[in-house]
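Chain and residue survey
Now for the letters of each chain:
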Amino acid sequence: MRRSTRLGLAALVLLLVLFGAYAAYWRVVAGRIADGVVAWRQAMRPRQLDVSWQKLRVAGFPFAFRIELDDPALRDGRLSPAPWLHLPALTGSAHPWDFADWRLAAPAGLATGLAASGDRPPLKLTARTAAGTVSLGRAGAGWMWLKLHDVEAEAGARIPVKTATAWITLPATTPRAHTDPGIGLALDLRQLHLPAPPSSFSSTIDDLAFAAIVKGPVPQGPLLPALAAWRDAGGTIELDHLRLDWGGLDVTADGTVALDRDLQPVGAFSGGIEGFATILSALVDADRLDAEQAALAQIALSALAKTGPDGKPQIKTSFTVQDGKMYLGPARLGPAPRIVWK
């Protein structure tokens, strides 16, 4: 037998041995992943987080580990009523050399919601498809990116949204003081269709985006006592990078939101407004301003306006919500929408 042939056979045998060893390694790791998912579900039960599925598989050999869940569901019993989430199917895949980053896919979409309570109607959100990424950091920290297509939100009225992109961040430790950051959320909604837009406004919001961080510990238990305890402990929501593109109206702002004694939002924001004529027209249509007052306001605002980043007139002002009323600078806009918690 020629030397080259012997070397070729030896190399082939070595490759077969290595492949067999890797296949054995993959099976062992796949089994540990499946056991780990089941153990995580068991560990969540004492925390009143109910996780279920019909079937669990680990596939993806040889270049990935892919967790496949049929009919997974989640219910958070720490709050009352309990939020729920259901997906017809969910997969999470990672490379064998990187178990910190998992790519998620829900090709059949998802549904999530909150049951009705008192005067509040049921809340429900559905999406035709969903995909995203989960990154697991050290000491419990991590983040999730999720993109939903063809979304429908229902809260007494149906609100379609073309796409919704969300980023969620989790801190390494649970907040203890009111200044400690907790969960963070960033949301970008595109093509949001309103069922009953204010007069003078388009029925479609082109873009609504914001980033927020909840500060302070949020206790477990029924929703209203939990919110009250969070408020009493000095909890706030820091709102950053708020942007609204609604027809000719373009708003950017940041500020802080808290809850008052009635668990209604109070807050103060500062930012810039382009297209303020749209707001004035809406106030005239709502009989909050007459035509002469609106004309005078238009002249005053135009005198205060400066050129914005895109070359359009922009005014820098404040927006506050206090005692159930909304104010744009010193001007009162009217009553603030009330949140029905129960």
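My aim in this report is to walk through the structure given alongside it, one point at a time.

Conventions used here
Residues numbered from 1 in each chain as written. Predicted model: local features only at pLDDT ≥ 70, side-chain atom pairs only at ≥ 80, totals over all residues. Heavy atoms only, no water. Core = buried A, V, L, I, M, F, W, Y, C linked by side-chain atoms within 4.5 Å. Buried < 20%, exposed > 50% of the residue type's maximum accessible area, 1.4 Å probe, protein only. Helix = DSSP H or I, 4+ residues; strand = E, 2+ residues; numbered from the N terminus. Contact = heavy atoms within 4.5 Å. Phe/Tyr/Trp six-rings, centres within 6.5 Å; stacked < 30°, edge-to-face > 60°. Lys NZ or Arg CZ within 6 Å of the ring centre and 35° of its normal. Pairing = 2+ DSSP bridges.

Ranked by size, the top nonpolar core spans 24 residues in total, and within it Leu-148, Leu-249 and Ile-273 carry the most contacts. Listing elements by their share of this core, those giving two or more residues are strand E9 (123–136), strand E10 (142–154), strand E11 (158–170), strand E12 (181–193), strand E14 (236–246), strand E15 (249–259) and helix H3 (276–285). At 4 residues, H3 tops the list of elements feeding residues into this core. Ignoring anything within four residues of it in the chain, the contact list for Ile-273 reads Leu-249, Asp-250, Val-251, Ile-279, Pro-313, Gln-314, Ile-315, Thr-317 and Leu-328. With 14 residues, the next largest nonpolar core counts Val-29, Ile-33, Ile-67 and Ala-94 among its residues.

Assignment of secondary structure puts Val-321 in strand E18 (residues 313–322). Its relative accessible area of 14% is what places Val-321 among the buried residues. Setting aside residues up to four positions removed in sequence, Val-321 forms contacts with Pro-265, Val-266, Gly-267, Met-326 and Ala-336.

The subject of this paragraph is the packing of aromatic side chains. Following the criterion strictly, the structure yields 7 aromatic pairs and no others. Summarising the aromatic geometry, the rings of Tyr-22 and Tyr-25 are spaced 5.9 Å apart at their centres and angled 40° between planes, so their arrangement reads as tilted. Of the two residues, Tyr-22 and Tyr-25 are both situated in helix H1 (residues 3–44); the distance of 3 residues between them amounts to about one turn of the helix. Members of the aromatic cluster, joined through ring pairs, are Tyr-22, Tyr-25, Trp-26, Phe-61, Phe-65, Phe-99 and Trp-102. Seen from the ring of Trp-53, Arg-41 lies directly overhead, with NZ or CZ sitting 4.2 Å from the centre.

Burial of the side chains of strand E19 (residues 325–328) is restricted to one face: Met-326 and Leu-328 are buried, whereas none of Lys-325 and Tyr-327 on the reverse face is. Here 4 bridges tie E18 to E19, and the two strands are oriented antiparallel to one another. Each bridged residue has a counterpart across the sheet, and for Val-321 the counterpart in E19 is Met-326. Taken together, E18 and the strand that follows it, E19, pair antiparallel across an intervening segment of 2 residues, in which Asp-323 is found at a positive phi of about 55°.

This part is about the side chain of Thr-204. Note on placement: Thr-204 falls in strand E13 (residues 204–215). The buried category is assigned to Thr-204, whose relative accessible area is 13%. Apart from residues no more than four positions distant in its own chain, Thr-204 is found in contact with Gln-191, Leu-192, His-193 and Trp-246.

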